[in-house]
Protein chains: 2
Amino acid sequence: MSVKWKKHEKGSLSVVGLGPGGKEWMSEPAVHAVEKAHAVCGYKTYINLIQELIRPDQEIVQTGMTKEKDRCEKAIALALSGKDVALVCSGDPGIYALSGLVYELLKKQGITSKELTVKVIPGIPALSACAALLGAPLIHDFAVISLSDLLTPWHSIEKRIEAAATSDFVIVLYNPRSKKRRDHLPKAFNVIAKHRKGQTPVGIVNKAMRKGQEVHITTLDEVRESGPDTFNVGMQSLVIIGNSKSFIWDGKIITPRGYEV
Amino acid sequence: MSVKWKKHEKGSLSVVGLGPGGKEWMSEPAVHAVEKAHAVCGYKTYINLIQELIRPDQEIVQTGMTKEKDRCEKAIALALSGKDVALVCSGDPGIYALSGLVYELLKKQGITSKELTVKVIPGIPALSACAALLGAPLIHDFAVISLSDLLTPWHSIEKRIEAAATSDFVIVLYNPRSKKRRDHLPKAFNVIAKHRKGQTPVGIVNKAMRKGQEVHITTLDEVRESGPDTFNVGMQSLVIIGNSKSFIWDGKIITPRGYEV
């Protein structure tokens, strides 16, 4: 899509974090941004999650999953036309989400904050929601890595996994698996297993705080042997691998901070 | 403090994330957990932030800053005595916060989920709040490192900074500076500067979403030359260093995800 930008000074664009599930996980500023919006833009699944907030008089721009650029361009165009626009993202809009793309598009078009008010409203990221369900895996230093090689070459991803594994970061894997990327997660586990013991805790959460939520607690050995299918790893999953001191207790993964207990 | 655990089956313990500021940043489950609590435990500053939620009939257990273990032990003891307890943490309770210590103490005492219901309620972490204020620095892989060597030896911290810097992670530094640790942040910048150009964007946020909030956007060269004092880096600050592709535009730090814009 090619949008002709009409510059107008009265609209605004809020890039809104919905948190992990429905409306109950949103902050007040996030709810307010959606409520006051003339137009709400977002991926269908996310708009469905906050259906109770949407009013009949609001313009809804729903786009499919890989249409991120399209979605951002439409949101910017609507805001420039004078509307208050909420561009909604699951989790936090600043973690592998759309706040960056919005700013990149504004830069390309030379639209500064003088011409359009843009606000990023943070949300509870998937990593926090999944950590809470797993116990306390992120209590010490952690590295967050996306396994999607749509936008990043695999060798860079692998280099980061290796660096995180060798320096004992807890590792959070976003986008661990899609229909087209079946082998990235097993490859990532293989890299990590070179530097961490087989009993290292692994947590897998599917659809955190949503219908169909699953929480699996396993180990590096077990998940490498049985494979990601056993745990239904898919597009709405997050995988967390403990550090050398993480342990499993009473069905939870706990990473010590170092206090004398 | 040495607590004699009285085992009781009716209390509950919620470890609650307040998000970055006051009540407006809390999720509904977080607000609900505080409202239904017979007792609210937490560091004074955090309890003050949600003063409007506290009722006269609630027991308040406020402890000082380094009394984390004390705070958790009291919260557990109150819950075991039959009370519903909310142990409140700023940001997310699972990131350098108290959910881990709670589980460690429960393990030590052999108190399982059969005897006490423990729930972690995630919150918007400081890293999300600060990223939102800075623009979009965390759009690609990032590493989160605490510079506090109270509980971790400095050589481990330095190793992690080095690993994150060499493999081009965006770097988030928690606890960048205290009165006793004046030199850690300059040391960290020196390590990063070996692997990243001087024009790399650096974002410093003090007191995100709180009274006295400051947002500074600078570069690695500039912050190394002028020093952390110029930017009032302290206990309530977070520092984010961009990766090799991050840039500053219109007063924001943007890390590209890789979309063709």
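Every value quoted in this text rests on a predicted model; they were computed, and no experiment measured them.

Basis of the calculations
Residues numbered from 1 in each chain as written. Chains lettered and ligands numbered in written order. Predicted model: local features only at pLDDT ≥ 70, side-chain atom pairs only at ≥ 80, totals over all residues. Heavy atoms only, no water. Pairing = 2+ DSSP bridges. Helix = DSSP H or I, 4+ residues; strand = E, 2+ residues; numbered from the N terminus. Domains from an automatic or database assignment. Contact = heavy atoms within 4.5 Å. Buried area = accessible area lost by both parts, 1.4 Å probe. Salt bridge = Lys/Arg side-chain N within 4 Å of Asp/Glu carboxyl O. Polar contact = N/O pair within 3.5 Å; in protein donor to acceptor, adjacent residues only side chain to side chain. Nonpolar A, V, L, I, M, F, W, Y, C, P; charged D, E, K, R; others polar. Buried < 20%, exposed > 50% of the residue type's maximum accessible area, 1.4 Å probe, protein only. Axes fitted to C-alpha atoms, helices over the stretch in contact; angles between N-to-C directions. Least-squares fit on C-alpha atoms with pLDDT ≥ 70 in both. Right-handed = clockwise from strand over helix to strand, strands pointing away.

(A) Spotlight on the sheet that holds strand β6 (residues 135-136) of chain B. All names here are of chain B. Read from one edge of the open sheet, three strands run β6-β13-β12, paired in mixed fashion. Strands at the two margins of the open sheet, each flanked by one partner only, are β6 and β12 (247-249). Here β12 pairs with strand β13 (residues 252-254) via three bridges, running antiparallel. The residue of β13 that forms the bridge with Phe247 is Ile254.

(B) Expanded view of the domain arrangement of chain A. Residue and element names in this part refer to chain A. When the domains of chain A are assigned, the result is domain 1 (12-124) and domain 2 (127-254). On the domain 2 side, the residues contacting the 10 residues of domain 1 number 11 residues. Approximately 810 Å² of surface area, both sides summed, lies buried where domain 1 meets domain 2, with 69% of it carried by carbon and sulfur atoms. Counting the surface domain 1 buries against domain 2, the share from its top three residues, Pro20, Ile95 and Tyr96, is 54%. Where domain 1 meets domain 2, there are zero salt bridges. Connecting domain 1 to domain 2 are four residue pairs in polar contact (both at pLDDT 80 or more). When its residues are assigned to classes, the side of domain 1 that touches domain 2 shows eight nonpolar, two polar and no charged.

(C) Fine view of the environment of Cys72(B). Residue and element names in this part refer to chain B. You can see Cys72 is positioned in helix α3 (residues 68-80). Residue classification places Cys72 among the buried positions, given a relative accessible area of 0%. C-alpha of Cys72 to C-alpha of Leu101: the two residues are 29 residues apart in sequence and 7.2 Å apart in space. Sequence-distant contacts of Cys72, defined by excluding residues within four places in its chain, comprise Leu87, Leu98, Leu101, Val102 and Leu105.

(D) Looking closely at the sheet that holds strand β3 (residues 59-63) of chain A. Residue and element names in this part refer to chain A. Pairing is parallel in the open sheet, where five strands are placed in the order β3-β2-β4-β1-β5. The strands lining the two open edges of the sheet, one partner per strand, are β3 and β5 (117-121). The mean inter-strand angle of the sheet, taken between neighbouring strand axes irrespective of direction, is 15 degrees. The pairing of strand β2 (residues 39-43) with β3 spans five bridges and is classified as parallel. Its bridge partner being in β3, Cys41 is matched across the sheet by Val61.

(E) Spatial organisation of the relation of the copies chain A and chain B. Mapping chain A onto chain B is achieved by rotating through 180 degrees and translating by 0.0 Å along the same axis, at an RMSD of 0.0 Å. Taken together, the rotation and translation relating the two chain copies correspond to the operation of a two-fold axis. Of the residues that chain A buries at the interface, 100% are likewise interface residues in chain B, meaning the two copies contact each other through the same surface.

(F) Structural view of unusual backbone geometry. Residue and element names in this part refer to chain A. Positioned with a positive phi, Met209 is a non-glycine residue whose angle comes to about 60 degrees. Within the element layout of this structure, Met209 appears in the loop between β9 (201-206) and β10 (214-219). Assessed through its relative accessible area of 18%, Met209 is described here as buried.

(G) How the structure looks around the pairing of strand β8 (residues 170-174) of chain B. Residue and element names in this part refer to chain B. Taking burial as the measure, the five residues of β8 include five buried ones, the bulk of the element. Neither face of β8 is exposed, since Val170, Val172 and Tyr174 on one face and Ile171 and Leu173 on the opposite face are all buried. Bridging between strand β7 (residues 142-146) and β8 involves five bridges; their strand directions are parallel. Its bridge partner being in β8, Ser146 is matched across the sheet by Tyr174. Handedness of the crossover joining β7 and β8 through helix α6 (residues 154-166) is recorded here as right-handed. Note: β8 against strand β11 (residues 237-241), three bridges, orientation antiparallel. Paired with Leu173 across the strands is Val239, a residue of β11.

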